[in-house]
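So the chains spell out like this:
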Amino acid sequence: MRLSFLEPLYKQPGPFASVYLDTSRDAAVDDPDAAVRLRWRRLRDALASEGADPDSLSAVAGTVGSDTDVPGAHGQAVFTAHGRLALLDELPAPPARDTAHFGTLPDTMPLIVQHAPGIPYLAVHVHYGGRHSTDATGTVRIEAEAGTWPLTRVTPGHRVDQEVPVTDWARAAGEIGRELEGHARRIDVETVVVAGDVWARGILVHRLPAALRGRVVTVEGAGESQRGRALLERPLEGFFTGRMAARDRALLDVFLAERARGGASGEGLAAAVSALQRGRVKALFLNDHPESPFRLWVGPEPGQTALAAQELRSYGVREVREERADAALARALVGTRAELVVVPERELWLSEGVGVLLRYTEPTLPA
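Thresholds applied
Residues numbered from 1 in each chain as written. Predicted model: local features only at pLDDT ≥ 70, side-chain atom pairs only at ≥ 80, totals over all residues. Heavy atoms only, no water. Pairing = 2+ DSSP bridges. Helix = DSSP H or I, 4+ residues; strand = E, 2+ residues; numbered from the N terminus. Axes fitted to C-alpha atoms, helices over the stretch in contact; angles between N-to-C directions. Contact = heavy atoms within 4.5 Å. Salt bridge = Lys/Arg side-chain N within 4 Å of Asp/Glu carboxyl O. Buried < 20%, exposed > 50% of the residue type's maximum accessible area, 1.4 Å probe, protein only.

For the protein chain, an unreviewed UniProt entry supplies the name Peptide chain release factor 1 and the organism Streptomyces bungoensis.

Given below as structure tokens:
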């Protein structure tokens, strides 16, 4: 997963206020907006106790809960710098717990993890309930959405919504297929998920361009889509849960091959830090440990990360401070344009939860 969406945030100087808040509009709650305000008041006190200035508190207060048009379970990640909003991101799922932090580095790892697995897809729902014949009366309606899972759950992608007479469906399906291919190509779609009437969707699938037809999976029980949420959200969740994006999977395969032969890879926090210092990391692999106790020392620049303060001072770095390891690693990854791959621990256990695939190996000096 590329982290370029965070580059504008790290170009701003700290300190940062980082807030993760459940902003779900739950129908079971009598006044969801009041519930959001109550949760924010608790976080406001936490930020103030960490030294957040009044302007930063006001900037967050003016933003949290602003996503009233997003239905269902979700959350917000809000970042401010010097009293101004620096980044706002909708979370596909509520945070495990509401958190707030004020410090030199933004607390971005929880946001990054919520972007995973980042699978580009095309969802297609073919609505039809009539007689299975092209001389029948009535219409076929097609809804389609190109997006990235799971972000599309709260930030819907580009949608197509067309209605075609059944008598014209066989011809129109080919034209719609070519239109869908254009949308799919723009985001390099991995999977085309198709639901709806078996007969009508079968005609569409058989008329899709070959590049898309080979990526089709069909799902059942789609139901009606909810406004403001991903098309086919529940089937997509069932299909994508536990999967990795194809690019992440390819990077992991290379990492495993390099590790097996003692090549361009490393494992553990020390190996990751050493490689990031030299800008050698192509991809960092992370077991998601939200309560990780590890700490690192950092300087003003992204690559200035170390296990001990004295190491940075030996390089001539004067301003050093201790930070949470995940915050330091996130800044280093963005600053060196390395990729991040979130790997479930059940699939691959990494020493201290971290592994790295290197861009190159350093030559071995002769003895």
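Right, let's talk about the sheet that holds strand β2 (residues 75-81) for a bit. Taking strand neighbours across the sheet as the criterion, the four strands line up as β3-β2-β1-β4 in an open arrangement whose pairing is antiparallel. Bordering the open sheet on either side are β3 (84-91) and β4 (99-103), each of which pairs with just one other strand. Geometrically, the sheet is characterised by an average inter-axis angle of 10° between neighbouring strands, direction not taken into account. Set on the sheet, helix α2 (residues 32-49) makes contact with β1 (16-22) and β4; between it and β1 the angle comes to about 150°. Helix-sheet contacts for helix α3 (residues 54-61) involve β1, β2, β3 and β4, and the interaxial angle to β2 is about 150°.

For the bond from A116 to P117, the omega torsion is 5°, close enough to zero to count as cis. With respect to the element layout, P117 can be found in the loop between α4 (109-115) and β5 (119-127). W149 connects to P150 through a cis peptide bond whose omega is 10°. Along the polypeptide, P150 turns up in the loop between β6 (139-149) and β7 (158-165).

Turning to the sheet that holds β6, a few remarks are in order. Read from one edge of the open sheet, five strands run β7-β6-β5-β8-β9, paired in mixed fashion. Edge positions in the sheet fall to β7 and β9 (216-218), since each has one partner strand and no second. With strand direction ignored, the average angle separating the axes of adjacent strands in the sheet is 20°. Of the pairings in the sheet, the one linking β5 to β6 comprises nine bridges and is antiparallel in character. Among the inter-strand pairings, Y121 is bridged to a residue of β6, identified as G147.

Side chains bearing opposite charge may pair, as long as their charged atoms lie close to each other. As enumerated under the stated definition, the model contains 22 salt bridges in all. Linking D107 and R324 is a salt bridge whose minimum nitrogen-to-oxygen distance equals 3.4 Å. With D107 in the loop between β4 and α4 and R324 in strand β14 (residues 321-324), the pair connects residues that are 217 residues apart, well separated along the chain. R324 sits in the partly exposed class, given a relative accessible area of 29%. For E145, the salt bridge identified is with R159, shortest N-O distance 3.0 Å. Placement of the pair is E145 in strand β6 and R159 in strand β7, with a sequence separation of 14 residues. Note on E145: relative accessible area 0%, which makes it buried.

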